[in-house]
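In case you want the letters, here they are:
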Amino acid sequence: MCTTCGCGHDETKIEGHAHEHGHDHDHEHGHDGHHHHHGHAYAPRRSHAPGMTPARMLKIEQDILSKNDAYARENRAFLADRRVFALNLVSSPGSGKTTLLCKTIEMLKGQCAVAVIEGDQQTSNDAERIRATGAPAVQINTGKGCHLDAHMVGHAMQQLSLPERSLLMIENVGNLVCPAAFDLGEAHKVVILSVTEGEDKPLKYPDMFRAADLMLLNKCDLLPHLRFDVDQAIEAARRVNPAIQVIRVSATTGEGMGDWLAWLQARR
């Protein structure tokens with residue numbers, strides 16, 4: 001379950017896996033030394049647990065995050081062993097994550113290998129868009145789930161051939177609430193805020209902007225047509241996270257893409 005909204009992951013499907021992710025199976029997965037020894041630890045949805053006390057719910061939520069963090073440590077060790085640089089891309093739906101990601105992959109051709117894990121509740125549309133660039137992609141469909149977790153990502157990594165010093169981009173489910181709490185084993189969270197959203201988004205969803213190291217202010221080519229205050233949006237982000245870096249970008253015009261790639265290369 002999600003620690004915030006109580007959604008379940010009974011219907012999670014990962015490309016390349018013969019089974020769906022349910023609640024009660026235990027399994028061991030190996031991939032060149034990367035092993036997951038675990039079963040699902042999702043709690044019942046709040047609506048399915050009448051009479052559950054707040055203390056009991058808190059304990060369940062703490063257990064969920066503790067187990068997720070253990071899976072994230074496995075993922076991080078696996079990635080570090082191969083010197084793979086992983087990013088967790090998070091945003092609201094419609095922020096332009098996939099378009100930005102496709103443009104990034106195209107610009108990185110010849111510089112480094114890129115692989116993608118795509119998270120959506122349904123369809124493989126975004127994974128197909130990524131594959132059209134020539135990059136390998138694995139689709140995770142979370143069904144009723146509202147975020148990716150480290151367990152799912154560990155499975156998805158097994159479907160990818162990740163060469164040393166490559167870049168793994170994890171495109172999370174569009175949601176500024178729940179993904180903030182779940183470490184996937186990434187090096188950095190990157191939050192995308194489009195100029196078609198409100199300048200106060202960072203104040204409305206502070207946990208996500210506090211967890212991110214970089215904010216990409218996307219769709220800046222649309223600014224002449226909008227009443228969006230860039231300075232106000234940046235000030236809001238830095239009010240909740242003074243250390244957050246900000247890059248203005250547009251996948252359409254290429255604005256800021258060089259700075260975004262320079263940020264990537266410096267941290268790789």
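Check the entry above for the structure.
Residues numbered from 1 in each chain as written. Predicted model: local features only at pLDDT ≥ 70, side-chain atom pairs only at ≥ 80, totals over all residues. Heavy atoms only, no water.

A.B. asks: An account of the overall build of the chain is requested, with residue identities and associated values reported.
C.D. replies: Each helix and strand in the chain was counted, giving 8 helices and 10 strands. Looking at the chain as a whole, 55% of its 268 residues qualify as buried. Of the contacts made within the chain by residues no fewer than 6 positions apart, 72% connect residues no fewer than 24 positions apart. In the form shown here, the chain has an accessible surface area of approximately 11,600 Å², with 48% of it arising from carbon and sulfur atoms. (Helix = DSSP H or I, 4+ residues; strand = E, 2+ residues; numbered from the N terminus. Buried < 20%, exposed > 50% of the residue type's maximum accessible area, 1.4 Å probe, protein only. Contact = heavy atoms within 4.5 Å. Areas by Shrake-Rupley, 256 points an atom, 1.4 Å probe, with all protein chains shown as cover.)

A.B. asks: Could you give an account of the packing of aromatic side chains, naming the residues involved and the relevant values?
C.D. replies: Scanning all chains against the criterion turns up 1 aromatic pair. Seen in terms of ring centroids, Trp260 and Trp263 are 5.9 Å apart; in terms of plane orientation they differ by 25°. Their pairing is stacked. Here Trp260 pairs with Trp263, and both are found in helix α8 (residues 257–267), just 3 residues apart, close to one helical turn. Of the residues examined, Trp263 reaches a relative accessible area of 5% and is grouped as buried. (Phe/Tyr/Trp six-rings, centres within 6.5 Å; stacked < 30°, edge-to-face > 60°.)

A.B. asks: Explain the layout of surface pockets to me, and be specific about the residues and the numbers.
C.D. replies: What the largest pocket holds in volume is close to 190 Å³. Mapped by element, the contributors of at least two residues to the lining of the largest pocket are α2 (97–108) and α3 (125–131). Among the elements that line the lining of the largest pocket, the one with the most residues is α2, at 3 residues. (1 Å grid on protein atoms, 1.4 Å probe; cavity = no way out; pocket = protein on both sides within 12 Å on 5 of 7 lines; lining within 4 Å. Points joined across faces, edges and corners; volume = space filled by probe spheres on them.)

A.B. asks: Now, about α8: what can you tell me, with residues and values included?
C.D. replies: Where α8 is concerned, the buried positions are Met257, Trp260, Leu261, Trp263 and Leu264. The arc enclosing the buried residues of α8, seen along the axis, measures out at 155°, which places them on a common side. Of the residues in α8, the exposed ones pointing more than 90 degrees away from the buried face are Asp259 and Ala266. Residues of α8 that are buried in the fold lie against β4 (85–91), α2, β7 (167–171), β8 (188–194), β9 (214–218) and β10 (245–248). (Arc of directions from axis to C-beta.)

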